[in-house]
Protein chains: 2
Amino acid sequence: MRAVRQGRKIDSGSDRAPVGELSRPVLERLAICHQLAVRAGEEGAENMSSAQMANLLNVDETLVRKDMATVGIAGKPRVGYPTGQIIKRLEEVLGLSEYTDAVLIGCGSLGSALLRYPGFSKYGLRIAAAFDADYNKVNQRVGDYTILPMEKCRSVIDTFAVEVAVLAVPAAVAQETADWLVARGIRAIWNFSPIHLRVPADVVVRNENLALGLAELIHHLKRKGAKD
Amino acid sequence: MRAVRQGRKIDSGSDRAPVGELSRPVLERLAICHQLAVRAGEEGAENMSSAQMANLLNVDETLVRKDMATVGIAGKPRVGYPTGQIIKRLEEVLGLSEYTDAVLIGCGSLGSALLRYPGFSKYGLRIAAAFDADYNKVNQRVGDYTILPMEKCRSVIDTFAVEVAVLAVPAAVAQETADWLVARGIRAIWNFSPIHLRVPADVVVRNENLALGLAELIHHLKRKGAKD
DNA sequence: ATCATATCGTGAAAATAATCACGAATGGGA
DNA sequence: TCCCATTCGTGATTATTTTCACGATATGAT
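Participant: So what about the overall build of chain A? Which residues, and what values?
Facilitator: In terms of regular secondary structure, chain A is built from 9 helices and 10 strands. Viewed in the frame of its principal axes, chain A has a C-alpha envelope of about 60 × 55 × 35 Å. When each of the 228 residues of chain A is scored for burial, the buried share is 50%. In chain A, the proportion of contacts linking residues at least 24 apart, taken out of those at least 6 apart, comes to 58%. When the accessible surface of chain A is totalled, it reaches about 10900 Å², and 52% of it is carbon and sulfur.

Okay, structure coming up:
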């Protein structure tokens, strides 16, 4: 049996300085470094140099060294940084090493895909239950989950002390759903609706805005095309 | 019947200065401003002030004014910026006003969800066809599409002069699939695999890295929780 | 054992991004 | 009509992020 309580350190003895607030660029690079290290490890590499990582990240190698220093990963001259330590330490820092419980709201096509997405559990997110306001969807099975009616959401949040919600509802009801969740104790929202949510200052929102990604991609494509 | 050729301006007479390279932060804010303006417009607002947008974006209002200036949107003192013009101009700048053709590779749960996602066409991306290497999936219908075998991908790319690919294949084959696509003329990849792709310098990649988003969300949640 | 070289670590400098401060313009009310 | 409050526009300043420059250190070859 496994502890369910999220957000608690499972003191494993190797905790280092808790690392202060990390800025977005740093966090982004660290997450990518984690992936790179995992891949390198799978390919048998014991170490990675800052130059290797920097090359893949398209930044100066100094910056990678600074990032490593920020989270307390030490390298060795002429060798690099040990992949094992990169992976382990970054999983601590990025919060990937402990499970976090979440509820998923909205089981349309995107929500259903997220429910089936194996990556979540790999990255430490455990969907406690999935909900939909549409009674036609309630009781349907999606992957390992049975869709529950919104009425039951409150008790699940309370029972598991869930603080994170994955929001995949239509744009039209995204804001009101977010308000409802916040009122019921949700402290962090991973928002997949194409709406910029307005929440109290003590609630964290990450907008996974596909429109934005698309805009950025197309903008760059056009720029490149124009250039050559 | 509709023109199919993508990437061509449908000269509508209102083209302004083509706007140089926009940095990522600017692009991000503009995309959000677009959404805000759409919502405000739906609620009947003729204008938005920089202060309103800044408040929703959590930045200084000056910055919003600078962004507007960057893309050539003018406001009026005491009134603000006309929502209609914000929407129209930003759709031009962000490339949302003309259709761009794309192929979608990988029709697993995420790929299928993307195929069904109505937001794409709203934001100017037209999926020409969807492909999967798994013959069990070929000929299945997903939304409005029939999954095609990878063998047919090349001819679709050539026929429609497709430059954009949406990549939703498993991590293990993401890199090789990307290489294959690039070799066949794809110039931009919207990557949903949890892998940092390596591509030639003249190819644009946008990594829609869910693990990264999750890491950022959880990191901030922990920070907040520790603070109060 | 010593040297040459690759790579880390870090303070200084440069580049980029965001905010501040304030003048200019506009619409509404006395 | 003229003033006042509001909001835009933008140069100067500050903060943040990235790169540069260079000394320190460990490994492998002679």
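Participant: Lay out the interface of chain B and chain A with the relevant residues and their values.
Facilitator: Contacts between chain B and chain A engage 64 residues on the former and 64 residues on the latter. Across the chain B/chain A interface, buried area totals approximately 6600 Å², and carbon plus sulfur atoms make up 62% of it. Looking only at chain B, the three residues that lose the most surface to chain A are His196, Leu210 and Leu217 of chain B, adding up to 10% of its buried area. Our enumeration of links across chain B and chain A arrives at 6 salt bridges. Between Lys222 of chain B and Glu98 of chain A there is a salt bridge, with its nearest N and O atoms 3.4 Å apart. Counting every contact that joins chain B to chain A gives 18 residue pairs in polar contact (both at pLDDT 80 or more). Only α1 (24-42), α2 (50-57), α4 (83-94), α5 (109-116), β9 (188-191), β10 (204-207) and α9 (210-227) of chain B provide two or more residues apiece to the side of chain B that touches chain A.

Participant: Before we move on, could you go through the relation of the copies chain B and chain A and cite the residues and values that matter?
Facilitator: One copy of the chain maps onto the second through a rotation about an axis and a displacement along it. Expressed as a screw operation, the relation of chain B to chain A combines 0.0 Å of axial shift with a rotation of 180 degrees, fitting to an RMSD of 0.0 Å. Taken together, the rotation and translation describe the operation of a two-fold axis. Every residue of chain B has its C-alpha some distance from the rotation axis, and the shortest such distance is that of Ala113 of chain B, at 2.9 Å. Both copies present the same face, since 100% of the interface residues in chain B are matched by interface residues at the equivalent positions in chain A.

Participant: Account for the sheet that holds strand β3 (residues 100-105) of chain A, with residues named and values stated.
Facilitator: Two orientations exist for strands paired in a sheet by backbone hydrogen bonds: parallel and antiparallel. Residue and element names in this part refer to chain A. In space, the 6 strands of this open sheet follow the order β7-β4-β3-β8-β9-β10, with parallel pairing throughout. Lying at the two open borders of the sheet, with one neighbouring strand each, are β7 (148-149) and β10 (204-207). Each of β3, β4 (125-132) and β8 (164-167) touches helix α5 (residues 109-116); the most contacted strand, β3, lies at about 155 degrees to it. Across the sheet, helix α7 (residues 153-160) touches β3, β4 and β7, and the angle it forms with β4 is around 160 degrees.

Participant: Just give me the short version of the nonpolar core, but keep the residues and values in it.
Facilitator: A general trend in soluble globular proteins is that nonpolar side chains are found buried together. The biggest cluster of nonpolar side chains holds 58 residues, and the ones touching the most others in it are Met68, Leu114, Leu125, Ile127, Val166 and Trp190 of chain B. Top element by residues in this core is α1 of chain B. It accounts for 9 residues. Apart from residues no more than four positions distant in its own chain, Val166 of chain B is found in contact with Ala102, Val103, Leu104, Ile105, Leu114, Leu125, Ile127, Trp190 and Phe192 of chain B. Within the second largest apolar cluster, 56 residues are counted, among which are Leu27, Cys33, Tyr117 and Ala188 of chain A.

Participant: Could you give an account of the protein's contact with DNA strand D, naming the residues involved and the relevant values?
Facilitator: Contacts to DNA strand D come from 25 residues, most closely from Lys66 of chain A together with Ser50, Arg65, Lys66 and Tyr81 of chain B. Among all atoms of DNA strand D positioned within 4 Å of the protein, those belonging to sugar or phosphate total 56%. Lys76 of chain A is positioned with one of its side-chain polar atoms (N or O) 3.5 Å from a phosphate oxygen of DNA strand D. Here a phosphate oxygen of DNA strand D and a side-chain polar atom of Ser50 of chain B are 2.5 Å apart. Contributions of two or more residues to the surface near DNA strand D are made by α1 (24-42) and α3 (61-70) of chain A together with α3 (61-70) of chain B. A class-by-class count of the residues in the surface near DNA strand D yields 9 nonpolar, 7 polar and 9 charged.

Participant: Could you give an account of empty space enclosed by the protein, naming the residues involved and the relevant values?
Facilitator: Within the structure shown, the criterion is met by 3 cavities of 30 Å³ or more. Empty space within the largest cavity amounts to approximately 60 Å³. Lining the largest cavity, in full, are Leu110, Leu114, Phe192, Glu208 and Leu210 of chain A together with Leu110, Leu114, Phe192, Glu208 and Leu210 of chain B. Those elements that provide at least two residues to the lining of the largest cavity are α5 of chain A together with α5 of chain B. In this model, the second largest cavity occupies a volume close to 40 Å³. Lining the second largest cavity, in full, are Ala31, His34, Gln35, Leu94, Leu96 and Tyr123 of chain A together with Ala211, Leu212 and Ala215 of chain B. Elements that contribute at least two residues to the lining of the second largest cavity include exactly α1 of chain A together with α9 of chain B.

Each value, and the rule that gives it
Residues numbered from 1 in each chain as written. Chains lettered and ligands numbered in written order. Predicted model: local features only at pLDDT ≥ 70, side-chain atom pairs only at ≥ 80, totals over all residues. Heavy atoms only, no water. Helix = DSSP H or I, 4+ residues; strand = E, 2+ residues; numbered from the N terminus. Buried < 20%, exposed > 50% of the residue type's maximum accessible area, 1.4 Å probe, protein only. Contact = heavy atoms within 4.5 Å. Areas by Shrake-Rupley, 256 points an atom, 1.4 Å probe, with all protein chains shown as cover. Buried area = accessible area lost by both parts, 1.4 Å probe. Salt bridge = Lys/Arg side-chain N within 4 Å of Asp/Glu carboxyl O. Polar contact = N/O pair within 3.5 Å; in protein donor to acceptor, adjacent residues only side chain to side chain. Least-squares fit on C-alpha atoms with pLDDT ≥ 70 in both. Pairing = 2+ DSSP bridges. Axes fitted to C-alpha atoms, helices over the stretch in contact; angles between N-to-C directions. Core = buried A, V, L, I, M, F, W, Y, C linked by side-chain atoms within 4.5 Å. Near = heavy atom within 4 Å. Nonpolar A, V, L, I, M, F, W, Y, C, P; charged D, E, K, R; others polar. 1 Å grid on protein atoms, 1.4 Å probe; cavity = no way out; pocket = protein on both sides within 12 Å on 5 of 7 lines; lining within 4 Å. Points joined across faces, edges and corners; volume = space filled by probe spheres on them.

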